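One letter stands for each residue in the lines below.
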Amino acid sequence: MLASGGVIIDSTGETQLIEDFLARKASALESAYARYGDLLYAAAARVLRVRADAEDCVHDALLRVWQRPNSFRKERGSLRAFLLVCVRNEALSRMRSGARRLEIAGTIRDEPEEIEITDHVELRRLKGAMDALPPEQRQALELAFFGNKTHVQIADELGLPLGTVKSRLSLAIRKLHASLALEGAR
Amino acid sequence: MNDHIGEDAELFALGMLEEPERTRVEAHASGCAPCLQRLGEAEAVVARLALWQPPAKAAPRHVSVPRAWMAAAAVCAVAIGVTIASVLQARNLTARAGANDAILAAIATSHFNHTQFTKVARDAPAAKLLNARRGQWLYVIVDTPLANVRVVVRHGDQTVDLGPTQVHGRTSTLFVRDPGALARVLLERDGSVIETATPSYRDE
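What comes next is a walk through the structure. Just so it is clear, the structure is predicted and the values come from calculations on it, not from any experiment.

1. Details of the overall build of chain B
Move 1: In terms of regular secondary structure, chain B is built from 7 helices and 12 strands.
Move 2: Counting all 204 residues of chain B, 55% fall into the buried class.
Move 3: Long-range contacts, defined as pairs at least 24 residues apart, comprise 61% of the intrachain contacts of chain B with a sequence gap of at least 6.
Move 4: Carbon and sulfur atoms provide 52% of the accessible area of chain B, an area that totals close to 8,600 Å².

2. Some thoughts on the environment of Leu129 of chain B
Residue and element names in this part refer to chain B.
Move 1: Within the fold, Leu129 resides in strand S5 (residues 127-132).
Move 2: Accessibility expressed as a relative area gives 0% for Leu129, which makes it buried.
Move 3: Between the C-alpha atoms of Leu129 and Ile141, which are 12 residues apart in sequence, the distance is 6.4 Å.
Move 4: Non-local contacts of Leu129, meaning those with residues more than four positions away in its chain, are made with Asn113, His114, Thr115, Phe117, Leu138, Tyr139, Val140, Val185, Ala197 and Pro199.

3. Focus: the side chain of Glu90 of chain A
Residue and element names in this part refer to chain A.
Move 1: By the element assignment, Glu90 lies in helix H4 (residues 79-97).
Move 2: A distance of 2.4 Å separates a polar atom in the side chain of Glu90 from a polar atom in the side chain of Arg64.
Move 3: Within the local environment of Glu90, its side chain forms a polar contact with the side chain of Arg94, the two groups lying 2.7 Å apart.

4. Section: the environment of Ala29 of chain B
Move 1: Within the secondary structure, Ala29 of chain B is located in helix H2 (residues 21-30).
Move 2: Counting along the chain gives 20 residues from Ala29 of chain B to Ala9 of chain B, while the straight-line C-alpha distance between them is 8.8 Å.
Move 3: When near neighbours in sequence (up to four residues on either side) are disregarded, Ala29 of chain B contacts Arg73 of chain A together with Ile5, Cys35, Leu36 and Leu39 of chain B.

5. Considering helix H1 (residues 14-22) of chain A
Residues and elements named next belong to chain A.
Move 1: For H1, the complete set of buried residues consists of Glu14, Leu17, Ile18, Asp20 and Phe21. Buried residues in H1, looked at end-on, bunch into an arc of 165°, giving them a common side.
Move 2: One or two positions beyond H1, positive phi appears at Arg24, with a value near 60°.

Thresholds applied
Residues numbered from 1 in each chain as written. Chains lettered and ligands numbered in written order. Predicted model: local features only at pLDDT ≥ 70, side-chain atom pairs only at ≥ 80, totals over all residues. Heavy atoms only, no water. Helix = DSSP H or I, 4+ residues; strand = E, 2+ residues; numbered from the N terminus. Buried < 20%, exposed > 50% of the residue type's maximum accessible area, 1.4 Å probe, protein only. Contact = heavy atoms within 4.5 Å. Areas by Shrake-Rupley, 256 points an atom, 1.4 Å probe, with all protein chains shown as cover. Polar contact = N/O pair within 3.5 Å; in protein donor to acceptor, adjacent residues only side chain to side chain. Arc of directions from axis to C-beta.

And the structure:
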C-alpha cells in the first residue's frame with residue numbers, strides 16, 4: 001500500500017494503527033508512542049539539542065494531537081509523517097519562542113548522541129533526490145530543514161524577497177515528493 | 001472552499017508557519033481533499049528528510065514534579081484506585097494538570113499500576129507508588145512534605161539511590177524516567193528504611 005507521499009506504509013502495520021487512531025482506541029496513542037517514539041524523539045532532538053527538552057516536546061505534541069481528534073484523516077496519508085511533522089513543528093516553535101532556550105552550561109552534557117541511518121537504500125534515494133534539485137531550491141531547503149531557519153531568516157541571509165524563498169521551498173518539497181514517489185514505485 | 005492553502009502546505013510541513021497560520025492551514029485542509037492530500041505529501045517528504053539525521057534514544061533522568069501534576073496524580077490515585085488502564089482516563093486529568101505537563105504526558109501514553117507503600121517505621125507517612133507497566137517511569141507520592149525522604153530501588157542484588165523526594169505543597173514526590181522493572185522500592189529517612197512497596201508490572 002502506498003501513502004500519498006509514495007511511501008510504503010503497510011509493511012509496518014501502520015494501517016491498523018491508523019484505524020485504531022481514528023477510532024480513538026485508548027491503546028492507539030500508546031502504540032504510536034511505542035512504534036514511533038524514538039523517531040519522534042530524534043526529530044525533536046535535532047532541533048532542540050537538549051535531551052530533556054526533546055522528550056518533553058514529544059510528549060506534549062502527542063498529547064496535543066490526541067486532544068484534537070479530527071486533526072488526522074486517512075486521506076492525509078502517513079500517520080508517522082503526520083506525527084513527525086507535529087513534533088518537529090512543536091520543537092521549532094519552542095526553539096524560536098525561546099521558551100525552552102538552550103542553557104549553554106547544560107548543553108554539552110545533555111546533548112543527545114547521534115545515531116546512524118542503517119537504511120542505505122533510503123539514504124541513497126534521498127541524496128539522489130536532493131542532488132536533482134535546482135541549486136537555489138536545494139540551498140533554501142537546506143537552510144530551512146537542516147539549519148532550522150525561518151523563511152524570513154532565509155530571505156535575509158540570501159537577500160531575496162520573502163515570496164521567492166517561499167516558492168523555492170515549496171517547489172523543492174514538491175519536486176522531492178515527485179522524485180521519491182517515482183523511486184518508491186520502481 | 002475558496003483560498004486553497006497552496007504553497008503553505010509545504011511551508012507548514014517544513015515548520016515555517018507560526019500560529020495562526022498553522023491553524024488556518026489545518027482547518028482548511030481538514031475540509032478540502034486536494035489540500036489535505038498536498039499537505040500529506042509534503043509531510044511524507046519532510047518525514048523522510050528527518051530520517052536523514054535522526055539522533056538519539058532517551059536516557060534515564062529525574063524530573064522535578066510540578067505542583068499541579070502532583071495534585072492531579074494524587075486525586076487520580078485515590079479516585080481511580082488500583083489501576084488506570086486507559087489513555088482516555090488519563091486525559092481527564094489534563095484540565096487540572098495543564099497541557100504542557102510532561103509527566104502527565106508520560107502517563108497518558110502508558111498503562112500504569114498503583115501500589116500503597118507498607119510502613120516499616122511506625123511514624124512513616126502514607127505513600128503511594130505509581131509505575132508504568134513496562135517500566136518506563138515510576139512516581140512516588142508521599143502524603144506529607146518531607147524533604148529528607150530518599151527513594152531507593154532494588155533489582156536483583158543491586159540497590160540504587162534515586163535521590164530525595166521534592167516537596168510540593170503538602171506532599172513530596174519523585175518522578176523517575178526509565179527505571180526498568182524493579183523488585184522493590186524503599187523509602188529511607190536518615191539512612192533507615194521507613195516503608196516499602198513492590199511495583200506491579202501486570203496487566204490488570
